[in-house]
Amino acid sequence: MNLMPAFKLSVDENQIALLHLDLEGEKVNKLTAAVVQEAEEIFDDLRHRSDLRAIVLISDKENTFIAGADIQEFLKFESASQAAEASRSGQRLLQKIADMKIPVVAAIQGACLGGGMEVALACHYRICADDRKTQLGQPEVKLGLLPGAGGTQRLPPLVGLQNAIEIATSGRNYRPQQALRTGIVDEVVPRPLLLHVALTRAGELGEGKIRPRRHRPQGLLAWALECNPVGRWLLFRQAEKMIREKTHGHYPAPLRALGAIRAGVSQGPVKGYMEESKAFGDLAMTSTCRQLIHLFFATTDLKKDPGMDGPSIRPQAVAPVGILGAGFMGAGIAAVCSSAGVNARLRDVSEEACLKGLTACYRVFDDRFRRKSISRLELQQLKDRVSATTELNSFSTCGLIIEAVIEDVDLKHQVVREVEPHLRDDCVWGSNTSSISIAKLAEASRRPEQFIGLHFFSPVHKMPLLEIIVTRQTSKQTIATSVEYGKLIGKFPIVVNDGVGFYTSRILSPYMNEASFILEEGAPVEALDQAMIDFGFPVGPMTLLDEVGIDVAAKVGKIMLEAFGERLKPPSSMEQLIQNGRLGRKLRKGFYQYVLNRKEEVRKVGVDPTIYDLLPGGRNRKPVVAGDIQSRLSMAMLNECARCLEEGILRSPRDGDIGAVMGLGFPPFQGGPFRYMDAMGLENVLRNLESLQKKWGDRFKPSEMIVRMAESKESFYS
Ligand code: NAI
């Protein structure tokens, strides 16, 4: 029997121990309690060996060094003290590595995240492979936690206080060159040389030819900020202010991470480690942490989901992808295709539109180059994969067409009829419509079984959701191909059934309507936005209306009214705003005023008071209780979510949660609308809806599913 399933040890002729990590039966290496214990035993043993000069720690997994702790274990904690103890045992193990008399070198390739990065930080030297799969970071705050195995204490002396704060409180990942610049790693080498260089450095460290590095502040300002108490006080104060502005009090983890760093820096390591494990324990018990972990598991589950029941079907290859419409969305879709290594061909009606699309697409790549996340060669490769044309003759090789022309049924029908004859017989047709039923659009197609909705969100290169809409006629092959395409371009694809507004646009509709009703009742614009930001949305509804375009929203509103009747009837005042030429941010005239800054970027400055001249109540606005706004808007959305599940638009509450969080910014710390309803209790959801219905009318009539579940005391998740 193999008692040590994760590690294998060998010693080379230069007396350097090579410790291979390869967790049996798992795709990635992770730090389970068993792995931690095994590692502790190995390092206890290695400590007493006098025949070794150095140790190299390396992973045998294809694309992971160590992906992090085993998150499943976090959900099993029953108390803060139990979680704090788990943190302390991680700290103890890593201290053993740090205290080794002989140097330990981490040879990193692939994901080196969370606990994995803390292991690397405890080593005396870090080398990473220069490839796309290698990423380092402390993403714990994204799960409502903090690095609990000494990360908050080891970072400052290695990377400096400013970088340490950024790494531990932002949760962002670092690519090899960024990790080198920040000081997370000591060296970046081509992947084939990783082991060779690691063994060489281990030998050199063992002989004292090189020494483990410590951070030295570069420049006077960094020195002033990091090396004296007043500078540090300023730095922490500024960081705290920024975190508070970003988290609006909903995410305690970044502040606790900052607190742990501060304790270590100002009161010494003993206090620092104590604060880190205490904070880990406290955070592990918060509902924020639990909901973020549930959401994380929902997304990992989705990655394995083929998007349909029954036997799996082999997806067909999609490249090159043809994109019809080189506008705002088309250009974004081309950018994500190219980023995934897929050739993209844009088509628009004029050379000017083609050029505009290409320029917008290139801007995404140029930004990445400016931020140094890609090399000049990669920049050129990204650009080379995108082309634009007004012709159709080069589309006959495409495996997938994505239509992103203007939201107009007749135009979309015309485009289908015009383009389809030029395509391969097995080419999948995806429409990026944001509201029109896919079955309706498929009426123009000669092969409706290859017709599907591919609803992207803007900005396409940033928004992680892809809503895939299937009709009764869509073939399994088309679904399988579309889901695979979504995963290929790095999106989270949720498959929903066809219906006007699908899932995301539909649940957004009553939410936006309610905001406009409250505005008509006399509320100030900024009160509505602030209330929903305080609720946890990244932007408020009025800002969102300006961004989407008041005219676009009104168009969707009409489509919703036609399909669902009075329940989704939009308020009448929106038409007046459109007649007044207020279309939102794109015309720099909406609920807010906009100015162009020096870089020619549009910036929101403040509410435009003249908007009130077009609304009931005029400029005399009435104060509204934020809780009332939050209750009306959120309950309107939750009720519609339940209807979507009830009608079979959604396949599962999981997809509903992912769709709302990733597509609309529903507060992740609530886990999504279905988790939120479960936490509230269906009986309370029903009671709230009934009291809103009494006050505001039948648009709040509880969905049958909510009534039934409240009566039978069910929840969406068991
Ligand atoms: P847009 O107005 O920026 O771009 C549309 C492009 O289609 C224009 O460049 C136009 O010249 C081109 N076009 C018109 N007729 C054409 C034809 N026959 N062949 C090829 N190109 C043609 O519009 P946007 O915002 O990119 O929207 C496109 C689609 O994406 C719409 O269906 C919209 O509802 C949907 N959508 C938009 C989102 C947004 O935030 N803007 C979000 C999600 C979906």
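Relevant structure appears above.
These numbers come from a predicted model, not from an experiment.

Novice: In this structure, what is going on with the nonpolar core? I would like to understand it.
Specialist: Soluble, globular proteins show a tendency: their nonpolar side chains are buried together. Tyr503 and Phe591 are the most contacted members of the largest nonpolar core, which totals 89 residues. With 10 residues, the single largest contributor to this core is helix α25 (residues 626–646). Ignoring sequence-local partners within four residues, the contact set of Phe591 consists of Leu519, Val525, Met542, Leu545, Asp546, Ile550, Met574, Leu577, Val607, Asp608 and Ile611. The next biggest cluster of nonpolar side chains, apart from the first, holds 73 residues, and it includes Val188, Ala253, Ala260 and Ile293.

Novice: What should I look at first to understand the environment of Asp655 in this one?
Specialist: Relative to the helices and strands, Asp655 is located in helix α26 (residues 653–664). Sequence separation between Asp655 and Arg53 is 602 residues, and the spatial gap between their C-alpha atoms is 53 Å. Each residue touching Asp655, except ones within four places of it in the same chain, is listed here: Leu302, Ile494, Val495, Tyr503 and Leu650.

Novice: Explanation requested: unusual backbone geometry in the structure shown.
Specialist: Negative phi characterises most residues that are not glycine, and trans characterises most peptide bonds. Looking along the chain, the bond that leaves Ala319 and enters Pro320 is cis, with omega of -10°. Relative to the helices and strands, Pro320 resides in the loop between α13 (287–303) and β11 (321–324). Omega for the peptide link from Ser458 to Pro459 comes to -10°, which places this bond in the cis form. Unusually for a residue other than glycine, Lys713 sits at a positive phi of about 55°. Its location among the elements puts Lys713 in the segment after α29 (704–711). Here Lys713 falls in the exposed class, since its relative accessible area comes to 60%.

Novice: Sorry if this is basic, but what is going on with a nonpolar patch on the surface here?
Specialist: A cluster of nonpolar side chains, contributed by Val230, Trp233 and Leu234, occupies part of the molecular surface with about 320 Å² of accessible area. Position of Val230 among the secondary structure elements: in helix α10 (residues 229–247). Look at Val230 and you get exposed, because its relative accessible area is 57%.

Novice: Sorry if this is basic, but what is going on with the sheet that holds strand β8 (residues 135–137) here?
Specialist: One open sheet holds the four strands; their spatial order is β4-β6-β8-β9, and the pairing between them is mixed. Both outer strands of the open sheet, β4 (64–66) and β9 (173–174), are each paired with one neighbouring strand and no more. Where β8 and β9 come together, two bridges link them in antiparallel fashion. Bridged to Leu136 within β9 is Tyr174. In this fold helix α4 (residues 115–122) packs onto β4, β6 (111–113) and β8, with an angle of close to 85° to the strand it touches most, β6.

Novice: Got a minute to help me understand the environment of Ile629 in this structure?
Specialist: Secondary-structure assignment places Ile629 in helix α25. On the basis of relative accessible area, Ile629 is assigned to the buried category, the value being 0%. Residues Ile629 and Ala523 lie 106 residues apart in sequence; the distance between their C-alpha atoms is 9.6 Å.

Novice: Which parts of the structure should I look at to understand the site of the ligand?
Specialist: Around the ligand, the structure places 20 residues, and the nearest of them are Met329, Asp348, Glu407, Lys412 and Ser434. Within the side chain of Asp348, one N or O atom sits 2.6 Å away from an oxygen atom of the ligand. One of the side-chain N or O atoms of Lys412 is found 2.7 Å from an oxygen atom in the ligand. Considered on its own, the ligand offers 830 Å² of accessible surface; in the complex 78% of this is hidden by protein. Breaking the shell around the ligand down by element, the ones donating at least two residues are α14 (328–339) and α17 (409–419). Counting residues per element, the shell around the ligand draws most heavily on α17, which supplies three residues. For the shell around the ligand, the class distribution of residues is nine nonpolar, seven polar and four charged.

Novice: What is the right way to read a positive patch on the surface from this model?
Specialist: On the surface, Arg172, Arg181, Arg371, Lys372 and Lys462 cluster together into a patch of positive charge. Take Arg371: its relative accessible area is 56%, and that puts it in the exposed class.

Novice: How do you make sense of the packing of aromatic side chains when you look at a structure like this?
Specialist: The description of two aromatic rings rests on the distance between their centres and on the angle between their planes. A full pass over the atoms with the stated rule returns 13 aromatic pairs. Judged by centre distance (5.1 Å) and plane angle (45°), the ring pair of Tyr511 and Phe537 falls under tilted. Note that Tyr511 is positioned in helix α20 (residues 504–520) and Phe537 in the loop between α21 (525–535) and α22 (541–548), a separation of 26 residues in sequence. Assessed through its relative accessible area of 2%, Tyr511 is described here as buried. The buried category is assigned to Phe537, whose relative accessible area is 5%. An aromatic cluster of at least three residues, connected via ring pairs, comprises Tyr511, Phe535, Phe537, Phe666 and Tyr676. The ring of Phe517 is capped by Arg699, whose NZ or CZ atom sits 4.2 Å from the centre of that ring.

The rules behind each value
- Residues numbered from 1 in each chain as written.
- Predicted model: local features only at pLDDT ≥ 70, side-chain atom pairs only at ≥ 80, totals over all residues.
- Heavy atoms only, no water.
- Core = buried A, V, L, I, M, F, W, Y, C linked by side-chain atoms within 4.5 Å.
- Buried < 20%, exposed > 50% of the residue type's maximum accessible area, 1.4 Å probe, protein only.
- Helix = DSSP H or I, 4+ residues; strand = E, 2+ residues; numbered from the N terminus.
- Contact = heavy atoms within 4.5 Å.
- Patch = residues over 30% accessible without salt bridge, like charges linked within 9 Å, V, L, I, M, F, W, Y side chains within 5 Å.
- Areas by Shrake-Rupley, 256 points an atom, 1.4 Å probe, with all protein chains shown as cover.
- Salt bridge = Lys/Arg side-chain N within 4 Å of Asp/Glu carboxyl O.
- Pairing = 2+ DSSP bridges.
- Axes fitted to C-alpha atoms, helices over the stretch in contact; angles between N-to-C directions.
- Near = heavy atom within 4 Å.
- Polar contact = N/O pair within 3.5 Å; in protein donor to acceptor, adjacent residues only side chain to side chain.
- Nonpolar A, V, L, I, M, F, W, Y, C, P; charged D, E, K, R; others polar.
- Lys, Arg positive; Asp, Glu negative; His and termini not counted.
- Charge placed at Lys NZ, Arg CZ, Asp CG, Glu CD.
- Phe/Tyr/Trp six-rings, centres within 6.5 Å; stacked < 30°, edge-to-face > 60°.
- Lys NZ or Arg CZ within 6 Å of the ring centre and 35° of its normal.

Take it as geometry only, folks, not as evidence of what the structure does.
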